[in-house]
Amino acid sequence: YIIQEFIDQVFFIIGYLSQGGDIVKVYERVWAYIDGNGLNPTVIAREAGISPGVFQAMMNGKRTIYADDLRAICYALHVSPETFIKPKAHSNNPW
């Protein structure tokens, strides 16, 4: 079940990107969530299995957040990837 959920989320992300989604700002949304909820980014990084240095680079936009990174971060935050990936307002995207 967990593997299928992950696969579904990856296809959601791929579908979203193919519709012109803005993946560039995912890190900003993740950081805003962490900061806005008063969470410790080092703890989140470790819970996600990502080194704090790499996590910091992701949150600064200096390193790409890949689908498996986003999945791990979301797991650590107890949220769905859809929390950070939103269709453009003018999109005809059904999600």
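First things first, this report covers the structure right here in the doc. This structure is a prediction, so every number in the text was calculated from the model and none was measured.

Rules of the game
The numbers attached to residues start from 1 for each chain and follow its sequence in the written order. In view of the model being predicted, local features appear only for residues whose pLDDT reaches at least 70, and side-chain atom pairs are presented and counted only at 80 or more, with totals across whole chains, interfaces and linings using the full set of residues. Excluding hydrogens and water, the side-chain figures rest on all heavy atoms present in the structure. The pairing test for Phe, Tyr and Trp rings, Trp by its six-membered ring, is centres within 6.5 Å, and the orientation test on the planes gives stacked under 30 degrees, edge-to-face over 60, and tilted for anything in between. Helix and strand definitions follow DSSP, with helices as H or I runs of at least four residues and strands as E runs of at least two, each counted in order from the N terminus. Burial classes: relative accessible area under 20% of the type maximum marks a residue as buried, over 50% as exposed, and values in between as partly exposed (1.4 Å probe, protein chains only). To get an axis, fit a line to the C-alpha atoms, keeping to the stretch in contact for a helix; angles then go from 0 to 180 degrees between the N-to-C directions. Whether a crossing is left-handed or right-handed is set by the direction in which the near helix is turned from the far one by less than a right angle, anticlockwise for left-handed and clockwise for right-handed. The criterion used for residue contact is that any of the two residues' heavy atoms lie within 4.5 Å. Residue polarity is assigned by list, with Asp, Glu, Lys and Arg as charged and Ala, Val, Leu, Ile, Met, Phe, Trp, Tyr, Cys and Pro as nonpolar; anything else, Gly included, falls into the polar class.

1. A closer look at the packing of aromatic side chains
Under the counting rule described, the total for this entry stands at 1 aromatic pair. Taking the centre distance of 5.6 Å and the plane angle of 85 degrees together, the rings of Y33 and F84 count as edge-to-face. With Y33 in helix α2 (residues 26-36) and F84 in the segment after α5 (67-77), the pair connects residues that are 51 residues apart, well separated along the chain. Given the relative accessible area of 1%, F84 is considered buried.

2. Quick look at the packing of helix α3 (residues 41-48) against α5
Between α3 and α5, the least distance of the axes is 8 Å, while the angle of their chain directions is 115 degrees. Judged by the sense of rotation from one axis to the other, the crossing of α3 with α5 is right-handed. Along the contact surface, α3 presents I44, E47 and A48, while α5 presents A72, I73, A76 and L77. For the contact of α3 with α5, the residue count by class is 6 nonpolar, no polar and 1 charged.

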